[in-house]
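One letter stands for each residue in the lines below.
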Amino acid sequence: MMKNCYSEACEYLVGGVNSPVRAFRAMGREPIFVARAKGPYVWDTESRRYIDLIGSWGPMILGHAHPKITQALRKAAEKGTSYGLPTWKEVELAQEIRRRFPSMERIRMTSSGTEATMSAIRLARGFTKRERIIKFEGSYHGHVDSLLVRAGSGAATLGTPDSAGVPPSFVATTLSLPYNNAEAFKKVMNEQGETIAVVIVEPVAGNMGVIPPFLEFLKILRTETERHKTLLIFDEVMTGFRVAWGGAQELFGIQPDLTCLGKIVGGGLPVGAFGGRKEIMELLAPLGPVYQAGTLSGNPLAVAAGLATLQELRRPTYKILEKRGAFLQKGIEKKAQEAGIPVICQRVGSMLTVFFSEKPIHNYEEVQQTETQRFARFFNALLDRGVLIPPSAFEAWFLSLAHTESILKNVVEAIGESFQEITQNL
Ligand SMILES: *Cc1c(COP(=O)(O)O)cnc(C)c1O
């Protein structure tokens, strides 16, 4: 008998995990513990293999243990794992980032997406000398105190969109507005625009499930913030290097003042980055009065993995990812129809969510009306068939280049069987 990792883990780690959604609680089962991963697969500690559509929640766009990445890591490790001093590779990574995100005229690297958004908000407040910020309901920007207001991702899954331990005074300056609602946003900006330091948005919402933006919504965010000298942050931690070569800002043709990155930019190691207009970024220490730092920021291993990843992601790569995404979406829609289940598959490129809903989902309120119990049964039916999707109805599924059409065919078959299974034992 194998030992039960989970019950043992719970004796040491809070809830047995180091990040809440990993506990699978909303799915009514114990989490799987991963032993290893390769390409599109992960194996658990009992050697069961799964086709992995979590992809570490976004970073693994090349698939697991890609030879280019492991080679880059091995080479970097032999030269030392951290110096706390600048390296040339950090400059090379910044160059690769700016080629794709020309709006990021100056860049600062961090160790997580949370640090990137937290620092970008501080910088925006320092630049505008204003305090108030706007975010959107169901969006998630990491576990930054002031942004844990009606937050998505794990907070939504666990039903705690507002966190205990965040003093009301910390969030008093945060306004949370409905996603995709240009009118509500315009009204607030008309009334209070000159008090708002910054607006932070996921340009494709991914942390309440995938919700594509109305182009008009993003355009209004840009024109209204410009009009009131409010800064606009695109939180591209998930969408950067995912939805297009140059991220959502290239896809939609809208340039924010500041951009936050994470996930793919670290190639599976802990990295974040933020950047934007030079005049704003140069307010950061050591050039300016806004303090920001990190012992492991620009860590040589993380930078090596990030750089190797970006070098594999060329413009044509995104055509392949789009084709694979469309293939999976079509398969899901066909199987849902055959099973007679109302399903909406929302997708941008290689990120998608299957909602148990009759109609398309545009905001957090609509997300909350989807059938999450049905989702849990679907999740478990898929897991039994060796397909691992995020253990939450409010998360994006991620494809990688290792998810070939033949792998995706197997996924579609498993999804078809799972749809049948969950309609049968209603
Ligand atoms: C994942 C995510 C974050 C947080 O990044 P961490 O590295 O988990 O701190 C922030 N914003 C968005 C849009 C994300 O998807």
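I will try to describe carefully the structure that is included in this document. This is a predicted model, so every value here is computed, not measured.

Here is what the cut-offs are and how they apply
Residues numbered from 1 in each chain as written. Predicted model: local features only at pLDDT ≥ 70, side-chain atom pairs only at ≥ 80, totals over all residues. Heavy atoms only, no water. Helix = DSSP H or I, 4+ residues; strand = E, 2+ residues; numbered from the N terminus. Rg over C-alpha atoms; globule rule 2.2 N^0.38 Å. Contact = heavy atoms within 4.5 Å. Lys, Arg positive; Asp, Glu negative; His and termini not counted. Charge placed at Lys NZ, Arg CZ, Asp CG, Glu CD. Buried < 20%, exposed > 50% of the residue type's maximum accessible area, 1.4 Å probe, protein only. Disulfide = S-S within 2.5 Å. Polar contact = N/O pair within 3.5 Å; in protein donor to acceptor, adjacent residues only side chain to side chain. Pairing = 2+ DSSP bridges. Near = heavy atom within 4 Å. Areas by Shrake-Rupley, 256 points an atom, 1.4 Å probe, with all protein chains shown as cover. Nonpolar A, V, L, I, M, F, W, Y, C, P; charged D, E, K, R; others polar. Expected span 1.5 Å × (residues − 1). Salt bridge = Lys/Arg side-chain N within 4 Å of Asp/Glu carboxyl O. Axes fitted to C-alpha atoms, helices over the stretch in contact; angles between N-to-C directions. Parallel < 35°, antiparallel > 145°, perpendicular 65-115°, else oblique. Left-handed = near helix turned anticlockwise from the far one by under 90°.

### As for the overall build of the protein chain
- On a plain count of helices and strands, the protein chain comes out with 15 helices and 14 strands.
- Against the compact-globule benchmark of 22 Å for 426 residues, the protein chain has a radius of gyration of 21 Å, which places it among compact chains.
- Dimensions of the protein chain, computed from the C-alpha atoms along their principal axes, are close to 60 × 55 × 45 Å.
- A separation of at least 24 residues holds for 72% of the contacts in the protein chain among residues at least 6 apart in sequence.
- Averaged over its 49 positive side-chain charges, the protein chain has a centre that lies 5 Å from the centre of its 43 negative ones.

### Describing the environment of A285
- With respect to the helices, strands and loops of the structure, A285 is situated in the loop between α10 (278-281) and α11 (300-312).
- Residue classification places A285 among the buried residues on the basis of a relative accessible area of 17%.
- Not counting residues up to four positions away in its chain, the partners in contact with A285 are R108, V290 and Y291.

### Re unusual backbone geometry
- The linkage connecting A285 with the following residue, P286, adopts the cis geometry, with an omega of 10°.
- Residue placement: P286 occurs in the loop between α10 and α11.
- The backbone of F24 sits at a positive phi, close to 60°, despite the residue not being glycine.
- Assignment of secondary structure puts F24 in the loop between α1 (5-10) and β1 (34-38).

### As for the state of the cysteines
- In this structure the tally under the stated criterion is zero disulfides.
- Take C10: it sits in no disulfide, and the sulfur closest to it among the cysteines is that of C5, at 11 Å.

### Describing the side chain of T128
- Considering the arrangement of structural elements, one finds T128 in helix α4 (residues 113-128).
- Residue T128 is classed as buried on the basis of its relative accessible area of 15%.
- A polar contact of 2.8 Å, which involves the side chain of T128, links it to the backbone oxygen of A124.

### Digging into the sheet that holds strand β3 (residues 49-52)
- Ordered by their spatial adjacency, four strands build an open sheet running β1-β2-β3-β13, and the pairing between neighbours is mixed. Of all the strands in the sheet, the pair left with one neighbour each is β1 and β13 (387-388).

### Regarding the side chain of H228
- On the secondary structure map, H228 appears in the loop between α8 (215-227) and β8 (231-235).
- At 3.1 Å, the side chain of H228 and the backbone oxygen of E224 are in polar contact.
- Setting aside anything within four residues of it in sequence, one finds H228 in contact with R130, M189, N190, G193 and E194.

### A few points about the environment of K229
- Tracing the chain through its elements places K229 in the loop between α8 and β8.
- Assessed through its relative accessible area of 65%, K229 is described here as exposed.

### Points about the site of the ligand
- By nearness alone, every residue bordering the ligand is listed as S112, G113, T114, Y140, H141, G142, E202, N207, D235, V237, M238 and K263.
- Separating a nitrogen atom of the ligand from a backbone N or O atom of Y140 is a distance of 3.3 Å.
- Its free accessible area being 380 Å², the ligand has 84% of it covered by the protein chains.
- The class makeup of the residues in the shell around the ligand is three nonpolar, six polar and three charged.

### Quick look at α4
- For α4, built from 16 residues, the straight-helix expectation of 22 Å at 1.5 Å per residue is met to within 8% by its first-to-last C-alpha distance of 22 Å.
- Among all positions in α4, only G113, T114, A116, T117, S119, A120, I121, L123, A124 and T128 are buried.

### Regarding the pattern of salt bridges
- Overall, the coordinates contain 23 salt bridges when judged by the stated rule.
- Measuring nitrogen to oxygen at the nearest pair gives 2.9 Å for the salt bridge that ties D257 to R222. Note that D257 is positioned in the loop between α9 (247-252) and β9 (258-261) and R222 in helix α8, a separation of 35 residues in sequence.
- Of the residues examined, R222 reaches a relative accessible area of 10% and is grouped as buried.
- A single salt-bridge network, built from bridges that share partners, covers R222, E226, D257, R277 and E279.

### So, the packing of helix α14 (residues 372-384) against helix α15 (residues 405-424)
- In the contact formed by α14 and α15, the axes pass within 9 Å of each other and the chain directions differ by 130°. Relative to α15, α14 is oriented oblique. Taken as a pair, α14 and α15 cross one another with a handedness that is right-handed. Of the residues in α15, those touching α14 at R374, R377, F378, A381 and L382 are A414, I415, S418, F419, E421 and I422.
- Here the contact of α14 with α15 is built from residues that sort into seven nonpolar, one polar and three charged.

### Here we look at the pairing of strand β2 (residues 41-44)
- Judged by which residues are buried, β2 turns out to be covered on both faces: Y41 and W43 on one side and V42 and D44 on the other are all buried.
- Looking at chain direction, β1 and β2 are connected through four bridges and run antiparallel. By the bridge assignment for β2, V34 is matched with D44.
- In this sheet, β3 lies alongside β2 in antiparallel orientation, the contact comprising three bridges. Note on β3: the bridge partner recorded for W43 is R49.
- Counted along the chain from β2 to the antiparallel partner β3, the turn is four residues long, and its residue S47 has a positive phi close to 65°.

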